[in-house]
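These are the residues of each chain, in order.
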Amino acid sequence: MENRRLVIAVDGPAGAGKSTIAKKVAQKLNIEYIDTGAMYRALTLKVIRSNVEIDNVEEILKIMESTSIEFIDNHIYLDGTRVDEEIRENIINTKVSFIAKIKEVRQMMIKLQRKMAEYTNVIMDGRDIGTVVLPNANYKFFITASVEERAKRRYKELIEKNNENITYEKVLEEIKERDKIDSTRKIAPLKKSPDAYEIDTTNKTIEECVDEIINIIEGR
Ligand code: CDP
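So, here's what we can say about the structure. Just so you know, these numbers come straight off a predicted model, no measurement behind them.

Some words on the environment of Y197
Logical step 1: Looking at the secondary structure, you find Y197 in strand β8 (residues 197-200).
Logical step 2: Given the relative accessible area of 39%, Y197 is considered partly exposed.
Logical step 3: Linking Y197 and F142, residues 55 residues apart in sequence, is a C-alpha distance of 6.0 Å.
Logical step 4: Setting aside its immediate chain neighbours within four residues, Y197 contacts Y139, K140, F141, F142 and I216.

So this is what it looks like as structure tokens:
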């Protein structure tokens, strides 16, 4: 790995554990972590706050033009304000995929993401990182888990954040819906790159998955 930059792409469906795993891999390898889902979430938050309907593409694009999304010290900033917590609200989960399927939105995000990964060693996670954003990544991983397990994890997360009105069945339904939109959209759909290692996290701990990835990268 002498003079070569280390670029790692991680993709997978909602709630598979991508972010948690990618963050830990970044810490262990001492490289940058970029959560591209957070960027789509931040734009969605702004659209909701602006009272614009998610099917009003024209207005969404206007909003996008005057929006700044950046990471500073692993925190996400929307127009200069930190929004780590706000982008994880369940309302965002239910709307983000509609915004993420807009062509112009994806074009802008991809540009930003490539710029973020231009000069540093990086692990980036999302839906289209290995297939579209960073097709030349040195390592690609596709993280999966059964839909029931993913819904269970997301439900637990939401309950811990005091979303008392949510039920497991509702979360399961929302995840299935989001997977469907993400996998069937015309532009950059969620799919495994043929050269990606697949890791099924259903019956594994986070640490086991992190070790599996590190072992592959370090060639053990
Ligand atoms: O954390 P979770 O798995 O629930 O989702 P996320 O990674 O935060 O992504 C939220 C949403 O953003 C996804 O459901 C996609 O609709 C969209 N997304 C995308 O289209 N492309 C990416 N590279 C990352 C996220």
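From this point, the discussion proceeds with the structure in view.
Some words on the sheet that holds strand β4 (residues 75-78)
Logical step 1: Strands sit in the order β3-β4-β5 across an open sheet of three strands; the sheet is antiparallel. The sheet is open, and its two borders are formed by β3 (69-72) and β5 (81-82), each paired with just one other strand.
Logical step 2: Of the strand pairs in this sheet, β3 and β4 are connected by four bridges, and their pairing is antiparallel. Of the residues in β4, the one forming a bridge with I69 is L78.
Logical step 3: Contacts between helix α2 (residues 36-49) and the sheet are confined to β3 and β4, with β4 contributing the most and set at about 35° to the helix.

Thoughts on the site of the ligand
Logical step 1: Neighbouring residues of the ligand: 20 residues in total, closest R41, R106, R154, R178 and D182.
Logical step 2: Here an oxygen atom of the ligand and a side-chain polar atom of R106 are 2.7 Å apart.
Logical step 3: R127 is positioned such that a nitrogen or oxygen atom in its side chain is 3.1 Å from an oxygen atom of the ligand.
Logical step 4: When the ligand sits alone it has 530 Å² of accessible area, and the protein chains cover 98% of it.
Logical step 5: Among the elements of the structure, α2, α4 (90-100) and α8 (168-184) are those that each provide at least two residues to the shell around the ligand.
Logical step 6: Among the elements that take part in the shell around the ligand, α2 stands out by supplying four residues, more than any other.
Logical step 7: A breakdown of the residues in the shell around the ligand according to their chemical character gives five nonpolar, five polar and ten charged.

The rules behind these values
- Residues numbered from 1 in each chain as written.
- Predicted model: local features only at pLDDT ≥ 70, side-chain atom pairs only at ≥ 80, totals over all residues.
- Heavy atoms only, no water.
- Helix = DSSP H or I, 4+ residues; strand = E, 2+ residues; numbered from the N terminus.
- Buried < 20%, exposed > 50% of the residue type's maximum accessible area, 1.4 Å probe, protein only.
- Contact = heavy atoms within 4.5 Å.
- Pairing = 2+ DSSP bridges.
- Axes fitted to C-alpha atoms, helices over the stretch in contact; angles between N-to-C directions.
- Near = heavy atom within 4 Å.
- Polar contact = N/O pair within 3.5 Å; in protein donor to acceptor, adjacent residues only side chain to side chain.
- Areas by Shrake-Rupley, 256 points an atom, 1.4 Å probe, with all protein chains shown as cover.
- Nonpolar A, V, L, I, M, F, W, Y, C, P; charged D, E, K, R; others polar.

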